[in-house]
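Analysis of the macromolecular model
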Amino acid sequence: MAETAAAEVPPGPAADPPTEYDVLIVGGGPAGLSAALNLGRSLVRVLVIDADRPRNAATLNSHGFLTRDGVPPHELRRLAREELAAYPNVEVRTRVRVASLAKTDAGFTAAIGRREPTEVVSARSVLLATGLRETLPDVPNLRGFYGMSLFSCAACDAWELRGRRLALIGESTDLADRARLIGRWTESLTVFTNGADTVTTTEEAELAAAGVAVQRHPITELVGDRGRLEAVRLADDSEVILDGGFVRPVWEADLSFLDGITPPLDDAGHLLTDRSGRTGVAGLYAAGDVAAPGPQQLIVAAGAGARVAAVIVHDTIGVATAH
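Bear in mind the structure is a predicted one, so any value in this text is a computation, not a measurement.

Comments concerning the packing of aromatic side chains
Using the criterion set out here, one finds one aromatic pair in the structure. Summarising the aromatic geometry, the rings of phenylalanine 151 and phenylalanine 246 are spaced 6.4 Å apart at their centres and angled 55° between planes, so their arrangement reads as tilted. Placement of phenylalanine 151 in strand S8 (residues 150-151) and of phenylalanine 246 in strand S15 (residues 244-248) is noted, with a sequence separation of 95 residues between them. Each member of the pair, phenylalanine 151 together with phenylalanine 246, is buried. When the ring centre of phenylalanine 108 is taken as origin, the NZ or CZ atom of lysine 103, which lies over that ring, is 4.7 Å away. Over the aromatic face of tryptophan 159 sits the side chain of arginine 162, whose NZ or CZ is 3.8 Å from the ring centroid.

Have a look at this one:
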């Protein structure tokens, strides 16, 4: 995900004109790398800027990606970059961030660099594939289990936890809906609100009827060893024995590097696009988790990147075809 900073590129001794690209891709996850591959194959000159701080960095294995089920996310990214190296018109820069992105008459300019912006590049079109920032519930030692026995995506990881005693930990108002979803994989599920008043009494009664318990006390400790959750300890000194489970993070799109560009957002702060990935700003596209409806499986994000790549090519030459 691109990090933000309100900074300008310091003037050099002989201010060179910006390096020009056809498409600038901000973000090097599945959406951005998939778009880069398909744009590269369409003879588009592409620059991918990747801060290399993926949201799924704690995840040991990703699932649901056809032919890559169980592959570590970092390995998926490595393979993608290796494939892109075969295309001389695609350039990938890692551990680099976009400090600012501005609209121009000809397209866009971006100030980029590692810590401070040191270079300006220009592009006719920009694809935002920055993903989301993730804030976990305020639970002691939760990160010691996250990505190993506690996960955020049921579709991605519930198969491995099927039939076990599971937790759902969160402080958001959609906990009841998420509990109903996770209930597909287990008959022993406990919802922990960590003291937040986010499950209504009506929802609690409905969950109880489905065999789902709700614990409203704050969590004082997660009990387990080497990333394997064994119990949740509550403020009333009780413990609930468990085998793993899920958390509901708060996700946030970091778009503060947009300089004077204000694309429409949904109520959750995700970029609103049409079905082809176009935002409300001409030449600006979005794909992956940063676009509404938000977090998706890796294969969904990669598919969105491939689709928007085709749309960018079509828009560039002014044609509308099915493929």
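Quick word on unusual backbone geometry
For the peptide bond that leads from alanine 292 to proline 293, omega is 15°, which places it in the cis range. One non-glycine residue, arginine 95, lies in the positive phi region at around 55°. One can find arginine 95 in the loop between strand S3 (90-94) and strand S4 (97-103). Residue classification places arginine 95 among the exposed residues on the basis of a relative accessible area of 58%. A positive phi is found at aspartate 237, a non-glycine position, where the angle reads about 75°. Mapped onto the fold, aspartate 237 is located in the loop between strand S13 (228-234) and strand S14 (239-241). Among the residues examined, aspartate 237 registers a relative accessible area of 72% and is labelled exposed.

A look at the sheet that holds strand S11 (residues 212-215)
Pairing is parallel across the open sheet formed by five strands, whose spatial order is S8-S15-S9-S10-S11. In this open sheet, the two strands that pair with only one neighbour each are S8 and S11. Pairing analysis gives five bridges linking strand S9 (residues 165-170) to S15, with the strands arranged parallel. Across the sheet, isoleucine 169 pairs through a bridge with valine 247, a residue of S15. Strands in contact with helix H4 (residues 175-182) are S9, strand S10 (188-192), S11 and S15; relative to S9, the strand with the most contacts, it is inclined by about 160°.

What counts, and where the lines are drawn
- Residues numbered from 1 in each chain as written.
- Predicted model: local features only at pLDDT ≥ 70, side-chain atom pairs only at ≥ 80, totals over all residues.
- Heavy atoms only, no water.
- Phe/Tyr/Trp six-rings, centres within 6.5 Å; stacked < 30°, edge-to-face > 60°.
- Helix = DSSP H or I, 4+ residues; strand = E, 2+ residues; numbered from the N terminus.
- Buried < 20%, exposed > 50% of the residue type's maximum accessible area, 1.4 Å probe, protein only.
- Lys NZ or Arg CZ within 6 Å of the ring centre and 35° of its normal.
- Pairing = 2+ DSSP bridges.
- Contact = heavy atoms within 4.5 Å.
- Axes fitted to C-alpha atoms, helices over the stretch in contact; angles between N-to-C directions.

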